[in-house]
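Reading the structure
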Amino acid sequence: MQIFFEKAYPLNALKSLKVVQVLIYIVWSGLLFFNPLLAQSVEKKIVSLENELLHFNDNYNQYVAYSPALHQNSLMLHFWLKPSDYRPYDLLVELQEETYLYINHNLQKKLSIGWNRLSLDSLTQKYGYQKIFFSLYARKGSFCKQILVGKLKYSSQKIPEKQADKNYLQTIRRNAIILLVLLCLGYAFIRQIDFRLLMSYLQVSKFFNILRRMDNPLYLRPFSGTNILFLLNYACLVAVLFYFMAQTNQEKENTFFLGKHLNSSIQASGLSNFGLSFVIISLAIFAKFLLISLTASLLGLSRIINFHFYEYIRISHFFYLPLCILAIFLALQMPYHLMDWYSFFKTTLSILYLGRMIGVGVIINKLAEFRKLDFYSYLCVVELFPLLIYWKVLFFS
C-alpha cells in the first residue's frame, strides 16, 4: 500500500504537504493560547473632555457649552480635538447606547455599548496637524458616560454581552465559518482534480531552488485546464483576507482600496461585500497579467511573461494563506478586537510585498538573458511602481 501511495504522489510533494500541515498546526496551536475575552478599564487618564462638550442650541443657532442638567435629553454631542497633541494615546469613549461617530460632519462608524477606542496616532496620520470636529449621535439622551484621552488596561474578566454589538459579532462569526468552509471545499476540489497542480504551488523547496523546467505546462498555458480553478480559488483566498481586513480599521481607510467600501459597520459586513471583493480581485489578477504582457512585449522580454505570472501567483499564495488563517481565527475568536490588528496587517503586507518583488525579480532574472537596463526597467514598471503607490496610499496619504 505504501509503495502504491509513493508512486501515485511524488515524495517531494508529500514532504511539502506535510510541511504546510505542520505550519498551519503550529499557527493555530499558538493562537489558541491567547484569551480574547478581556474587560477594559482606564489605565492612564491624560485629559477629560467632558468639559469640552458642545450642544447645538436651536434658539441661538450656534454651539453652546454642554450642561448635563440642561441638555440631558440631547441626542447629539460635539467637541473639538487636535489628535497630534496626544498622539501616543487614544480617544476613549464609554457609551450607554449605540452611537454613531462623525468626524468633520462625515459619518465614520457605529460605536458599540461600552468602551470604544480611537487611535489618535492614526487620526493624525489621516487628518494631519489640525483640529478635528467630532460629533456623537445616539437615539437616547445621556448616552455618553465618559469621554477622555488616555489608555485602556485589560483584565482577565469577560466582557459583558451588552458591551458588544451582538448582531455584528454574530454576523462576522457566521461569515467566517461560511468562508472557511468555502475555502476548504475549494482546496479539496483542486486536490481531487489535480493534486500535482496544488503541490506545485505549495512546494517550500521552490524558495530555495530558483531553477525552473521550461516544459512546465503552467508556464505554457497559465489560464487553461485546472490552473484556472486554482486562480479562482486564489482570488477567493485573497477576497476572504481583505474582507476581514476591512473590519480592522476604524477610520475607514484600509490596506486595500476596497476598504473605502468594506467598512466595519454592521450594514457593510454582509457576504455581498465578499462577492464584490472577489470580482474586483479576479479582475485585478487578469489586469496584472495584461500589465506583465504589455511591458514585457515592449521591452522584448516576451519569453518571461508566463514565468513571471506563475511565480507572482505562487509567492503571493504562500504569503496570503497564513494571513487568511489568522484573519479567520480573529474573526471567530475576537471580532470586537479586530481593529487592534490593523497596524499588524498593514505592516506585514508591506514587508511581504517587498519580499515578493525581490523573489520574483531573482527568479525571472535567471530564466532569460537580457540587458540589465531592460530588466530593471521591466521590474520597475511591473512590480516597483505599484508597490510605491501602495506605500504612498498606506503610510503618507
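Now for a quick tour of the structure. All of these numbers come straight from a predicted model, not from anything done at the bench.

Comments concerning the overall build of the protein chain
Scanning the protein chain from terminus to terminus reveals 11 helices and 10 strands. Looking at the protein chain residue by residue over its 397 residues, the buried ones come to 48%. The contacts of the protein chain with a sequence gap of at least 6 include a subset with a gap of at least 24, amounting to 79%. Accessible area for the protein chain stands at about 20500 Å²; split by element, carbon and sulfur atoms hold 61% of it.

A word on the packing of helix 7 (residues 227-245) against helix 9 (residues 305-333)
Closest axis-to-axis distance for the helix 7/helix 9 pair is 8 Å, and the angle between their directions is 40°. Judged on the interaxial angle alone, helix 9 and helix 7 are oblique. Every pair of crossing elements has a handedness; the one defined by helix 7 and helix 9 is left-handed. Contacts between helix 7 and helix 9 involve Phe230, Leu231, Tyr234, Leu237, Val238, Val240, Leu241, Phe242 and Phe244 from the former and Phe309, Ile313, Ser316, His317, Tyr320, Leu321, Leu323, Cys324, Ala327, Ile328 and Ala331 from the latter.

Some points on the pattern of salt bridges
One pass over the full model with this rule turns up 5 salt bridges. The salt bridge partner of Asp90 is Arg117, with a shortest N-O separation of 3.6 Å. Linking Asp90 in strand 5 (residues 90-95) with Arg117 in strand 8 (residues 114-119), this pair joins segments that are 27 residues apart in sequence. We note a salt bridge from Asp90 to Lys151, for which the minimum N-O separation is 3.6 Å. Note that Asp90 is positioned in strand 5 and Lys151 in strand 10 (residues 144-155), a separation of 61 residues in sequence. On the accessibility criterion, Asp90 (5% relative accessible area) is buried.

Let's talk about the environment of Glu97
On the secondary structure map, Glu97 appears in the loop between strand 5 and strand 6 (99-103). A relative accessible area of 27% places Glu97 in the partly exposed class. Glu97 sits 16 residues away from Ile113 along the chain, and the two C-alpha atoms are 5.4 Å apart. Aside from chain neighbours lying at most four places away, what touches Glu97 is Ile113, Ala138, Lys140 and Phe143.

Describing the pairing of strand 2 (residues 54-57)
One ladder, built from 4 bridges, connects strand 2 with strand 3 (residues 62-65); its direction is antiparallel. Among the inter-strand pairings, Asn57 is bridged to a residue of strand 3, identified as Gln62. Where strand 2 folds back on strand 3, the antiparallel hairpin that results is connected by 4 residues, among which Asn61 adopts a positive phi of roughly 55°.

Topic: the packing of helix 5 (residues 195-202) against helix 9
Contact geometry of helix 5 with helix 9 gives a least axis separation of 8 Å together with a crossing angle of 75°. For the element pair helix 5 / helix 9, the angle class is roughly perpendicular. Contacts between helix 5 and helix 9 involve Ser200, Tyr201 and Leu202 on the former and, on the latter, Tyr310, Ile313, Arg314, His317, Phe318 and Leu321. Looking at the contact of helix 5 with helix 9, its residues break down into 6 nonpolar, 2 polar and 1 charged.

A look at the packing of aromatic side chains
Counting across every chain of the model gives 13 aromatic pairs. Judged by centre distance (5.2 Å) and plane angle (70°), the ring pair of Phe56 and Tyr63 falls under edge-to-face. Phe56 gets classed as partly exposed once you look at its relative accessible area, which sits at 29%. For Tyr63, a relative accessible area of 34% gives the class partly exposed. With 5.1 Å between their ring centres and 80° between their planes, Phe289 and Phe309 make a pair best called edge-to-face. Note that Phe289 is positioned in helix 8 (residues 271-298) and Phe309 in helix 9, a separation of 20 residues in sequence.

Thresholds, definitions, all that
Residues numbered from 1 in each chain as written. Predicted model: local features only at pLDDT ≥ 70, side-chain atom pairs only at ≥ 80, totals over all residues. Heavy atoms only, no water. Helix = DSSP H or I, 4+ residues; strand = E, 2+ residues; numbered from the N terminus. Buried < 20%, exposed > 50% of the residue type's maximum accessible area, 1.4 Å probe, protein only. Contact = heavy atoms within 4.5 Å. Areas by Shrake-Rupley, 256 points an atom, 1.4 Å probe, with all protein chains shown as cover. Axes fitted to C-alpha atoms, helices over the stretch in contact; angles between N-to-C directions. Parallel < 35°, antiparallel > 145°, perpendicular 65-115°, else oblique. Left-handed = near helix turned anticlockwise from the far one by under 90°. Salt bridge = Lys/Arg side-chain N within 4 Å of Asp/Glu carboxyl O. Pairing = 2+ DSSP bridges. Nonpolar A, V, L, I, M, F, W, Y, C, P; charged D, E, K, R; others polar. Phe/Tyr/Trp six-rings, centres within 6.5 Å; stacked < 30°, edge-to-face > 60°.

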